[in-house]
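Residue strings, one per chain:
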Amino acid sequence: MLSFIGRSVVQKIITLFFVSIVSFLIIHIAPGKPSQVDPMNPKFTPEVVERFRKEFHLDKPLHVQYLYFYKDLFTGETVSWKDNQSVLKKIWERFLNSLPLFIVGTIITWTLSFPIGIRSAIFRGQFYDRSATFLSYLLISIPGFFFAYVLIIFVVNQFHVPVIGMETFGIGDGASLPYIFMDRIWHLLLPSVLGATGGIAVLSRYVRSQMLEVEGQDYIRTARAKGLPPEQVHYKHALRNALLPFVTMFGLILPGLIGGSVIIESIFSWPGMGRMAYEAILARDYPVILTVNFVSAILVLAGTFISDLLYLIVDPRIRL
Amino acid sequence: MNIEEKGFNQDFQFEAPMAPKRTRLQEFWLLFRQNRLAILGLFIFILFFCCAIMGLFMTSGPDPLFDPAMIRLQEKLRPPLAKPNLYSLRHEEIPCLGFYLMGTDDLGRDVFARMLQGAWVSLTVGFVAVGISVLIGIFMGGVAGYFGQHHIRVDHILMTILLIAGAGLVMANSIRFGAVLLCLTLTYIFYSFFTQNRSREKYVPSWAKVFRKNAVSMDTLIMRIVDIMLCFPSFFLILTVVALLPASIYNIMIVIGLTSWMGTTRFVRAEFLSLREQDFVAAVKTLGAGNFRIIFRHMMPNAIAPVLVSATIGIATAILTEAGLSFLGFGVPPPHATWGNILSDGKNFIFDAPWLTFIPGIAILIVVLSFNLFGEGLRDVLNPKLRERH
Amino acid sequence: MANNNTLISVQDLKVYFRTSHECARAVDGISFEVRKEETVCLVGESGCGKTVSALSILGLIPTPSGEIAGGRILFQDKNLLELDEEDMQKVRGNRIAMVFQEPLTSLNPVFTIEDQIGEAIRIHKNVGAKELRDRCFKLLKDVGIPSPVQRLKDYPHQLSGGQRQRVMIAMALACDPDLIIADEPTTALDVTVQAQILRLLKSFQKTRSMSVLYITHDLGVVANIADRVYVMYSGIITEQGNTAQIFHDARHPYTQGLLASLPSRSKRGKRLYSIPGTVPNPAYKPAGCPFHPRCPHAIPTCAKEYPQMCDFGQGHLARCPVLFEGGDDTNK
């Protein structure tokens, strides 16, 4: 077990190293310059541009820039080119904003997908299964922004659910804590539901297909031959086997923190990480882009590592 | 015993009835036909395909039937099925059908014409992007699965790095250094290539032996590359590259294709790994078949099933991604119309002119839905474990 | 005839599988019975419908495609085909138990042996934890698994094939059933292990006063353990009788063909016999007698009329009127 962990960690670190190189190359090799450094930008006189370049080592060769950047990253000193704030601080703030959206969305997705998927599999071909299937297809196929606007048009006019930002403007310090809390939740509702619906559609289909595959196995037939009532056959024998791959998927939701959804955050003006990364791309704010990339790579690798570990623990057939 | 003699002298007087002979394709079609949703998906796809092709002919050229680029500012934001105000229009500005089938947008352009033009774009983006990703995926997955145990030697890796460095130096204008490096590496490559076929017993000094060591297997290398690609959140990668490159439809297609081959690689590799151990591969090998023949003629038809399914669903995803990019402003540049473009232009007028949002939105929904239904139908038929037991 | 000695009686059972374009008649009207404390073998080639018959006794036919098209299964004065699901569950594992062919895939890979055997007991009987463990231990000992204490904590993939099959038998014995249905339990095992398992099953017949319905395609096994034999072909019973009658005095051309194709020392140096032709597709059966295209004694009526069972005396019946009327000269 320990050797597996050790080997895995070393491999992940090597991958991380290569990811950092590749993302660095992509940014710098692509044509175009950061807007601040662009000689065409009328806001900057040539001297300012020159100072900017010296300050951020843009005149040095690529590999030197690379070293500078990552040194700054690890010592926490990277600075955004757009507004001169510390990148890590910016990311942290936006991360805290994205977190509730992500958590609520994930909870809704995972708690609803399993019952729906399992029920679909058990009552295969009947009305419940067919309607759930059709609804899933619909939700998978609808473009996210279109669905958002449809929801906005129909829901907002009826229920006055807020669609902008994280909290009501000017709520300030005057309001009591429970009131602020409820306000936040009210604002959270529509974006997280939107994010969750797509996730539910995909995950419940996957749950259904896993359950179906397990239900066709021989040991389910043995369980029925022993005289087990159907609930026990499904929920004790079949489910335990069908859930194995999902335990590993659990580790992989970690990268979703960064992915977030640019689109949802744009529509609802939610100040989250997705939008920050999007704006950074537009402004060619290299430090922010590279840092976000790096963090996301760490999350992906950590997520895969956790899933591998969980799989080891949960499946008795695999013992290293 | 008597029966033995009788048995051998017996000629068949009685014909046993045989089951009807069916080819694999017929068998497949019979099963597929039962899934009504999948048939619906196929039908809509064919409809969409015809619309796209017709649309291409009807909206391109200098004097097209339905002109998507004709700006009529006096007719802006007319609702669908509205009759044009004939007095304010010149003769060639009058829409072909005599009325605006799907209304006009904020520049007075005929939405129906733009939808037709956009259909072709969506189709091409979907197919080309998925084509690229499937080709790369099959290649990488096949190599990883079949040649997985082949090792790459240290000197190979060094040569590749030096080759890339040499090419980079040449492009960065230090031609002399670059050229020297390139020549050296190419000579070494040719040398090692030719000596491989000769005797391996040549004396190699011990310091040089390091270069011959096996560094990493093909399988590990390719899987690490896949892992690296997976570390980038895909939408961001596409967004990054599209934002940094000049906007054009080909760039979008290529970028989407280059960022979505990882899934196919995994599928193909998994299938090849399991197929490689099967007896029919060993049988073909003993008959003397070469590697290519084994891969393309024998293993590929068996491994193609998950690839087909993920390709169909990939087309749907590519169309959605293109719409998303257009929505954010990074899609195909104006005035060329795509469905995402129309939707994105329409979001500013959502309460005044909801048809600008709904028509392309519903169209995208239907097309993507049809691909998804078709793909899932394929998956159900091609995977015997999930088949409906009718 | 049903009398006090009959444990279970299957009468004219028909099981059909329908797809959208064809109907496969897997079991086409078979009747057999198992008496108390006897071993009955159901013999036939692959695809003749023996497994389907066994599964339908316990109501385990997959239902969207398979349907019971007729017949009765009488067990303890009840028709099993008419029982609802709850009552059926009381029978399964409790009075009638089944042992399947593939021991690895038939055991749930994520539960320990103790869990799975214990579950078999817990469903039907209310016992405390300690008693449960004792019973599991005793069962493992009875089926001959060495070091049972260690084995109880193991997972199925840690056992060998023979041991897994013994565990399956232990699970089947857990509630002391009246009948065990064994569906080719030794096909996936080595010959030596096979002999041990057969001996085990035979021993239980007396010690636990249990009957065994043994399904196989191996005539050697039949000769070893069977009291009575039913020969199946293409969904119907072609011959039935006790072991001596079947092996020394076979009256149906199919049985005769099967016996003739067994290699033996007396046939050394001669060409081995094989029944010409192939088993018919269950959806496209020949009219009349299903065996007639391959039968050396077939006459034109065989292609038109479905043959009835002919009584050769002392419980020996065969479904071949041709050999029945032809008298004894065809067989000695």
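Residues numbered from 1 in each chain as written. Chains lettered and ligands numbered in written order. Predicted model: local features only at pLDDT ≥ 70, side-chain atom pairs only at ≥ 80, totals over all residues.

(A) Expanded view of the overall build of chain C. Tallying secondary structure elements over chain C gives 12 helices and 12 strands in all. Taken over the C-alpha trace, chain C has a radius of gyration of 21 Å; the compact-globule value for 332 residues is 20 Å, and the two agree within 12%. In terms of overall dimensions, chain C has a C-alpha envelope of 65 × 50 × 40 Å along the principal axes. The 332 residues of chain C split such that 45% are buried. (Helix = DSSP H or I, 4+ residues; strand = E, 2+ residues; numbered from the N terminus. Rg over C-alpha atoms; globule rule 2.2 N^0.38 Å. Buried ≥ 20, exposed ≤ 12 C-beta atoms within 10 Å, placed from the backbone.)

(B) Just the nonpolar core, in detail. Counting residues in each nonpolar core, the largest one holds 219 residues, and the members touching the most others are Met-115 and Ile-319 of chain B together with Ala-170, Leu-213 and Met-232 of chain C. Among the elements that take part in this core, helix H4 (residues 111-146) of chain B stands out by supplying 19 residues, more than any other. (Core = buried A, V, L, I, M, F, W, Y, C linked by C-beta atoms within 7 Å.)

(C) The arrangement of the pairing of strand E3 (residues 39-43) of chain C in detail. All names here are of chain C. Where burial is concerned, most of E3 is hidden: five out of the five residues are buried. Both faces of E3 are covered, namely the face carrying Thr-39, Cys-41 and Val-43 and the face carrying Val-40 and Leu-42. As defined by bridge partners, E3 adjoins strand E8 (residues 211-216) across five bridges and the pair is classed as parallel. Across the sheet, Thr-39 pairs through a bridge with Val-212, a residue of E8. (Pairing = 2+ DSSP bridges.)

(D) Geometry of the interface of chain B and chain A. With 34 residues of chain B at the interface, the matching set in chain A holds 37 residues. Looking at which element gives the most residues to the side of chain B that touches chain A, the answer is helix H15 (residues 355-382) of chain B, with eight residues. In terms of residue class, the side of chain B that touches chain A is made up of 24 nonpolar, five polar and five charged. (Contact = placed C-beta atoms within 7 Å. Nonpolar A, V, L, I, M, F, W, Y, C, P; charged D, E, K, R; others polar.)

(E) Representation of unusual backbone geometry in the model. All names here are of chain C. Of note in the backbone geometry, Asp-12 takes a positive phi value of approximately 55° without being a glycine. By the element assignment, Asp-12 lies in strand E1 (residues 6-18). Positive phi, normally seen in glycine, also occurs at Glu-37, with a value near 55°. Note that Glu-37 resides in the loop between strand E2 (23-35) and E3.

(F) Layout of the packing of helix H12 (residues 279-286) of chain B against helix H13 (residues 291-328) of chain B. Residues and elements named next belong to chain B. Where H12 meets H13, the closest approach of the two axes is 11 Å, and the angle between their N-to-C directions is 145°. In the packing of H12 onto H13, the handedness of the crossing is right-handed. Two secondary-structure elements touch here, H12 through Phe-280, Val-281, Val-284 and Lys-285 and H13 through Ile-294, His-298 and Met-299. Across the contact of H12 with H13, the residue classes break down as five nonpolar, one polar and one charged. (Axes fitted to C-alpha atoms, helices over the stretch in contact; angles between N-to-C directions. Left-handed = near helix turned anticlockwise from the far one by under 90°.)

(G) Structural detail: the confidence of the model for chain C. Residue and element names in this part refer to chain C. A residue-level look at chain C finds 97% of positions with pLDDT of 70 or above and a mean pLDDT of 87. Looking across chain C, the model is least confident in helix H12 (residues 321-326), with a mean pLDDT of 78, and most confident in strand E9 (residues 228-233), with 94. A low-confidence stretch, residues 327-332 (pLDDT under 50), is modelled with two contacts involving residues beyond four sequence positions or located in other chains. Here the prediction assigns the complex a pTM of 0.79, and the interface score ipTM is 0.82. (pLDDT = per-residue confidence, 0-100.)

(H) How the structure looks around the sheet that holds E1 of chain C. All names here are of chain C. An order of E2-E1-E4-E5 is seen for the four strands of this open sheet, with the pairing classed as antiparallel. Whereas interior strands pair on both sides, the edge strands pair on one side only; in this sheet they are E2 and strand E5 (78-79). Across two bridges, the pairing between strand E4 (residues 66-75) and E5 is antiparallel. For Phe-75, the partnering residue across the bridge sits in E5 and is Lys-78.

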